[in-house]
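Chain by chain, the residues run as shown.
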Amino acid sequence: MIEHVSEEPIQRDRKNNEVPLADVLSHFIDVKLTTEPGDGKKAYSRPDEVLKYVTDLVDWWGDKTVTDVNRVTCQKYWKACTTLNAARNRLEYLRRALTLALEDSIIAAMPKVFLPEKAKPRSDFLERKDIARMLWACLTLGIYTHNADKSKDTGLAGTQVRTLYRPRRHLMPYIIMAMYTGTRSNRMFTASFIRQKGRPWIDLEEGVFHRSAPDEDVPKNKQAPTIRIPLRLLRHMRRWYRLGRRYPIEYNGKPITRSKALGKLMKECVPDKNVVPHSFRHTAATWLMKRSELPIHDISGFLGMSMEMLDKVYGHHRTSHQTGIDDAITAGGIGKIKKRDDGGEEFSYDGKAPGDTGRNKPDQPKPSRIKLSVNSQKTRKAA
């Protein structure tokens, strides 16, 4: 839990040029990130990450006042961050902190926070051969480099030797779970085979994955619905449990919350694609959307993703509804007039333009005698 950071109440009814941004950010931490059981506050799904963003903001903006927030200072902050995306993520929390300060009468007016352009979403996704390459790399033996100081008397300093240990083997369950379920990283890292407080629960008897912890208040934009575990994955999980695992992803018998080795593994095995650990979820959604027999509603519920987002980001992979167009073009029927096939009588205009009613045109003289039909010329007796 994040501790309370402000020692004294923040002064109110001050002008913007008298309010330090450190007070604004401190108030945001007190209200949004400091939660107690039963206080009714909705906690962030990743409070440690949010706290890091706010801490970075304090380091750069802390000695400035609210009136210093303008286009020039925001653009200077863009350059101070490692990437534009990192600057945007942090400035969004600065805007939230200022909005909260305005609601609580800490500032008199809301300054405009200038954000860089939003980065385009990653379009690369993994293929089966990429997954196989990563799983095989997890099974390879590790390489040990002799330390220069410790091995200076042995003559082995700097040399590399193979070990009998596989240091990346613990990443295999993560890769398999991510590909079969598309679950977010934090849900898989904290999952447990035994029901316990504060952790998602994998029920091996029922074969379901409760991706949210018991009584957890899940954010609306990070839904984690319970899913049926695919049988292929369930067999792996039951085998892991029989081998003595309490958690699906362990390192030296203990659960882990994140892994730097995973990102390094992906760069090593898939160097030609712009992929990160979240790309596993992106790949799972892509693979499911390519299967035309799977309803979008079912895919949305399985991934914990809204149907609008699923169609917006992954809809271009679903082209099964265009099979009729494909057949028409392939058969060579495009451009031809297809006659009705319902058994009706055929019709032809006989050279007349559509809309020609047969009436005399304005410059055409009237006929002297009206031509009668054959039936009208018959006498009553003949008829």
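So, a few notes on the structure that sits alongside this text.

Criteria and cut-off values
Residues numbered from 1 in each chain as written. Predicted model: local features only at pLDDT ≥ 70, side-chain atom pairs only at ≥ 80, totals over all residues. Heavy atoms only, no water. Helix = DSSP H or I, 4+ residues; strand = E, 2+ residues; numbered from the N terminus. Buried < 20%, exposed > 50% of the residue type's maximum accessible area, 1.4 Å probe, protein only. Arc of directions from axis to C-beta. Contact = heavy atoms within 4.5 Å. Polar contact = N/O pair within 3.5 Å; in protein donor to acceptor, adjacent residues only side chain to side chain. Salt bridge = Lys/Arg side-chain N within 4 Å of Asp/Glu carboxyl O. Core = buried A, V, L, I, M, F, W, Y, C linked by side-chain atoms within 4.5 Å. Pairing = 2+ DSSP bridges. Axes fitted to C-alpha atoms, helices over the stretch in contact; angles between N-to-C directions. Parallel < 35°, antiparallel > 145°, perpendicular 65-115°, else oblique. Left-handed = near helix turned anticlockwise from the far one by under 90°. Nonpolar A, V, L, I, M, F, W, Y, C, P; charged D, E, K, R; others polar. 1 Å grid on protein atoms, 1.4 Å probe; cavity = no way out; pocket = protein on both sides within 12 Å on 5 of 7 lines; lining within 4 Å. Points joined across faces, edges and corners; volume = space filled by probe spheres on them. Phe/Tyr/Trp six-rings, centres within 6.5 Å; stacked < 30°, edge-to-face > 60°.

### Things to note about unusual backbone geometry
Right, on to step 1. Positioned with a positive phi, Ser105 is a non-glycine residue whose angle comes to about 65°.
Right, on to step 2. Residue position: Ser105 is located in the loop between helix H4 (84-103) and helix H5 (128-139).
Right, on to step 3. The phi angle at Asp215 is positive, at roughly 65°, despite the residue not being glycine.
Right, on to step 4. By secondary structure assignment, the location of Asp215 is in the loop between strand E4 (208-210) and strand E5 (227-228).
Right, on to step 5. A residue is classified by how much of its surface remains accessible, and Asp215, at 83% relative accessible area, is exposed.

### Looking at helix H9 (residues 260-269)
Right, on to step 1. Burial in H9 covers these residues: Leu262, Leu265, Met266 and Cys269. Relative to the axis of H9, the buried residues are bounded by an arc of 95° and lie together on one face. In H9, the exposed positions that point more than 90 degrees away from the buried face belong to Lys260, Lys264 and Lys267.
Right, on to step 2. Contacts from the buried residues of H9 go to H5, helix H6 (172-181) and helix H10 (279-289).
Right, on to step 3. Capping of H9 at its N-terminal end is provided by Ser259; its side-chain oxygen lies 3.4 Å from the backbone amide nitrogen of Ala261.

### Things to note about the pattern of salt bridges
Charged atoms that come close allow side chains of opposite charge to pair.
Right, on to step 1. All told, the structure shown has 12 salt bridges when counted by the stated rule.
Right, on to step 2. Its salt-bridge partner being Asp56, residue Arg90 comes within 3.1 Å of it at the nearest N-O pair. Taken as a pair, Arg90 in helix H4 and Asp56 in helix H2 (residues 47-61) lie far apart in primary sequence, 34 residues in all.
Right, on to step 3. The partly exposed category is assigned to Asp56, whose relative accessible area is 22%.
Right, on to step 4. In this structure, Asp130 engages Lys273 in a salt bridge whose closest nitrogen and oxygen atoms are separated by 2.9 Å.

### Brief notes about the nonpolar core
Right, on to step 1. In this structure, Met134, Ile202, Met237 and Phe280 are the most contacted members of the largest nonpolar core, which totals 43 residues.
Right, on to step 2. For this core, the elements supplying multiple residues, two or more each, are H5, H6, helix H7 (185-189), helix H8 (231-242), H9, H10, helix H11 (296-303) and helix H12 (307-314).
Right, on to step 3. Per-element tally for this core: the top contributor is H6, with 7 residues.
Right, on to step 4. Formed by 31 residues, the second largest nonpolar core is a distinct cluster that contains Phe28, Tyr77, Ala97 and Ile107.

### Some remarks on the sheet that holds strand E3 (residues 201-203)
Right, on to step 1. Spatially, 3 strands are ordered E3-E4-E5 in an open sheet, and the strand pairing comes out antiparallel. Single-partner strands in this sheet number two, and they are E3 and E5.
Right, on to step 2. Sheet topology note: the E4/E5 ladder contains 2 bridges and is antiparallel. If you follow Phe209 over to E5, its bridge partner there is Ile227.

### So, the packing of H5 against H6
Right, on to step 1. Relative to each other, H5 and H6 sit at 160°, their axes nearing to 10 Å. On the basis of their axis angle, the class for H5 and H6 is roughly antiparallel. In terms of crossing hand, the pair formed by H5 and H6 is left-handed. For the pair H5 and H6, the contacting residues are Ile131, Met134, Leu135, Cys138 and Leu139 in the first and Met172, Ile175, Ile176 and Met179 in the second.
Right, on to step 2. The residue makeup of the contact of H5 with H6, split by class, is 9 nonpolar, no polar and no charged.

### Observations regarding the layout of surface pockets
Right, on to step 1. By volume, the second largest pocket amounts to about 560 Å³.
Right, on to step 2. Residue lining of the second largest pocket: 18 residues in total, with Arg128, Met179, Tyr180, Arg232 and Trp287 positioned closest to the centre.
Right, on to step 3. Residue assignment for the lining of the second largest pocket shows that the elements contributing at least two residues are H5, H6, H8 and H10.
Right, on to step 4. With 5 residues, the single largest contributor to the lining of the second largest pocket is H6.
Right, on to step 5. For the lining of the second largest pocket, a count of residues per class yields 12 nonpolar, 2 polar and 4 charged.

### Side note on the packing of aromatic side chains
Right, on to step 1. Within the structure shown, the criterion is met by 8 aromatic pairs.
Right, on to step 2. Where Tyr174 meets Phe189, the ring centres are 5.1 Å apart and the plane angle is 25°; that geometry is what we call stacked. Within this pair, whereas Tyr174 is found in helix H6, its partner Phe189 is found in helix H7, the two being separated by 15 residues in sequence. Like Phe189, Tyr174 is buried.
Right, on to step 3. The structure contains a cluster of three or more aromatic residues connected by ring pairs, namely Phe28, Tyr53 and Tyr93.

Keep in mind these values describe shape, not function.
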